[in-house]
Amino acid sequence: MMFSLRALLASLVLALTTLLPAFSPALAAAPAAVPEYRLGGGDLIKILVYQNPDLTLETRLSDSGSTSYPLLGAIKLGGLTVAEAEQLIANGLRKGDFVKDPQVTVVLETARGSQVSVLGQVQRPGRYVLETGQTHLSDVLAMAGGLTPQLGADQVTVVGTREGKPFRQVVDLPQIFSSAERPNDLLMQGNDVVYVDRAPVYYIYGEVQRPGQLRLERGMTLLQGLAAGGGLTLRGTERGIRIHRRTATGTEVLEPDMQAKLQDGDVIYVQQSLF
């Protein structure tokens, strides 16, 4: 019996030794931890020191990320994580011989320092907090409820500041998800502004089933545009189709074929057949 138990243990050890190398690549490829939120101007924080209630302070950081703290005076916490802010205050109290072994806790009550504005054709326009240092454009759009159905364009403009210089970039949303790495999914920074313009549209009237304003999809042809409008009525004729298009000099009337590409603002008119 003892021999069987030893043999079983030896087999288990051998199996684990064999499996561990197989797991090591997966462990090495584990994703890096998401950076912590860094305090910024406008953040409301509460500072507590264990067994020192007189050092409790609720304060809002200035635009520069600074505040005044008892015994230490002006301290700059902007740009620090909560843990780094706790360490900074604890070191100041210890070095000044104010508290022998300070245990400092910083509570972020309201985040205001790192926010982005989302405007235009989204479900919930407004300002949103960047809770981590790895918040991407797709995350911010999700916070805003996504694009307004049938109205939001699939190209988004992001403006802000990068490395002290004005920044502007137009992002093609479908390309964000063209690969698993999401190369075009911009990393957001505080005070960025995301603007979602209205989607391009075209207008169709005359002898069609569903006249009115319709969303213009990418690469949409005249044939597809007519199909989106329900197609021609029994009185409609393909020979009577005209496209009214705005140009730099006015309005141009076109007699295109069915594979002609539509443009934003085009007006399609389908005439009635005379026979």
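Residues numbered from 1 in each chain as written. Predicted model: local features only at pLDDT ≥ 70, side-chain atom pairs only at ≥ 80, totals over all residues. Heavy atoms only, no water.

To continue, consider the overall build of the protein chain. Scanning the protein chain from N- to C-terminus turns up 5 helices and 15 strands. By the burial criterion, 35% of the 275 residues in the protein chain qualify as buried. When the accessible surface of the protein chain is split by element, carbon and sulfur atoms take 56% of a total near 17000 Å². (Helix = DSSP H or I, 4+ residues; strand = E, 2+ residues; numbered from the N terminus. Buried < 20%, exposed > 50% of the residue type's maximum accessible area, 1.4 Å probe, protein only. Areas by Shrake-Rupley, 256 points an atom, 1.4 Å probe, with all protein chains shown as cover.)

Our next topic: the sheet that holds strand 11 (residues 201-206). Spatial strand order, 12-11-15-13-14: 5 strands in an open sheet with mixed pairing. Looking at the sheet topology across the chains shown, the edges are occupied by strand 12 (212-215) and strand 14 (250-254). Within the sheet, the average angular offset between the axes of one strand and its neighbour, ignoring direction, is 25 degrees. Across 4 bridges, strand 11 lies against strand 12 in antiparallel orientation. Counted as the bridge partner of Val 201 is Arg 215 from strand 12. (Pairing = 2+ DSSP bridges. Axes fitted to C-alpha atoms, helices over the stretch in contact; angles between N-to-C directions.)

Strand order in the open sheet formed by 3 strands is 2-1-5, and the pairing between neighbours is antiparallel. Every interior strand has two partners, whereas the edge strands, strand 2 (57-60) and strand 5 (104-110), have only one. Across this sheet, the average inter-strand angle for adjacent strands is 20 degrees, counted without regard to direction. The strands touched by helix 2 (residues 82-95) within the sheet are strand 1 (44-49) and strand 5, with strand 5 carrying the most contacts at an inclination of about 135 degrees. (Contact = heavy atoms within 4.5 Å.)

What follows is about unusual backbone geometry. Phi angles above zero are rare outside glycine, and Gln 51 is one such case at about 65 degrees. Along the chain, Gln 51 falls in the loop between strand 1 and strand 2. Gln 51 gets classed as exposed once you look at its relative accessible area, which sits at 64%. Residue Leu 71 is not a glycine yet carries a positive backbone phi of 75 degrees. Looking at the element boundaries, Leu 71 is found in the loop between strand 3 (66-69) and strand 4 (73-76).

The next thing to look at is the environment of Tyr 50. On the secondary structure map, Tyr 50 appears in the loop between strand 1 and strand 2. By relative accessible area, Tyr 50 is classed as exposed at 51%. A distance of 3.5 Å separates a polar atom in the side chain of Tyr 50 from a polar atom in the side chain of Gln 51. (Polar contact = N/O pair within 3.5 Å; in protein donor to acceptor, adjacent residues only side chain to side chain.)

In this section: the confidence of the model for the protein chain. Reading fine detail from the predicted coordinates is not recommended where pLDDT is low. In the predicted model, the protein chain carries a mean pLDDT of 85, and 85% of its residues have values of at least 70. Every residue in residues 19-34 is under pLDDT 50, and counting partners more than four places away or in other chains gives 2 contacts. (pLDDT = per-residue confidence, 0-100.)

Counted by the stated rule, this structure contains 8 salt bridges. Across the pair Asp 172 and Arg 218 runs a salt bridge whose closest N-O atoms are separated by 2.8 Å. Of the two residues, Asp 172 sits in strand 9 (residues 165-172) while Arg 218 sits in the loop between strand 12 and helix 5 (222-228), which places them 46 residues apart along the sequence. Of the residues examined, Asp 172 reaches a relative accessible area of 13% and is grouped as buried. Here Arg 215 ties to Glu 217 by a salt bridge, and the two come within 3.5 Å at their closest N and O atoms. Shared partners join several salt bridges into a network, and the residues in it are Asp 154, Asp 172 and Arg 218. (Salt bridge = Lys/Arg side-chain N within 4 Å of Asp/Glu carboxyl O.)

This paragraph deals with the side chain of Asp 192. Mapped onto the fold, Asp 192 is located in the loop between helix 4 (173-176) and strand 10 (193-198). Since its relative accessible area comes to 0%, Asp 192 is described here as buried.

Glancing now at the environment of Gly 79. Tracing the sequence through the fold places Gly 79 in the loop between strand 4 and helix 2. Given a relative accessible area of 37%, Gly 79 falls into the partly exposed group. Each C-alpha atom of the pair Gly 79 and Gly 40 lies 6.1 Å from the other, and the pair is 39 residues apart in sequence. The contacts of Gly 79, once residues within four sequence positions are left out, are Arg 38, Leu 39 and Glu 84.

Right, let's get into the packing of aromatic side chains. As enumerated under the stated definition, the model contains 1 aromatic pair in all. Look at Tyr 205 and Tyr 269: their rings are 4.7 Å apart centre to centre, the planes differ by 35 degrees, and that puts the pair in the tilted class. Note that Tyr 205 is positioned in strand 11 and Tyr 269 in strand 15 (residues 267-272), a separation of 64 residues in sequence. On the basis of relative accessibility, which here comes to 39%, the residue Tyr 205 falls in the partly exposed class. Residue class for Tyr 269 comes out partly exposed when judged on its relative accessible area of 27%. Across from the ring centre of Phe 167, 4.5 Å away, lies the NZ or CZ of Arg 162, which sits over that ring. (Phe/Tyr/Trp six-rings, centres within 6.5 Å; stacked < 30°, edge-to-face > 60°. Lys NZ or Arg CZ within 6 Å of the ring centre and 35° of its normal.)

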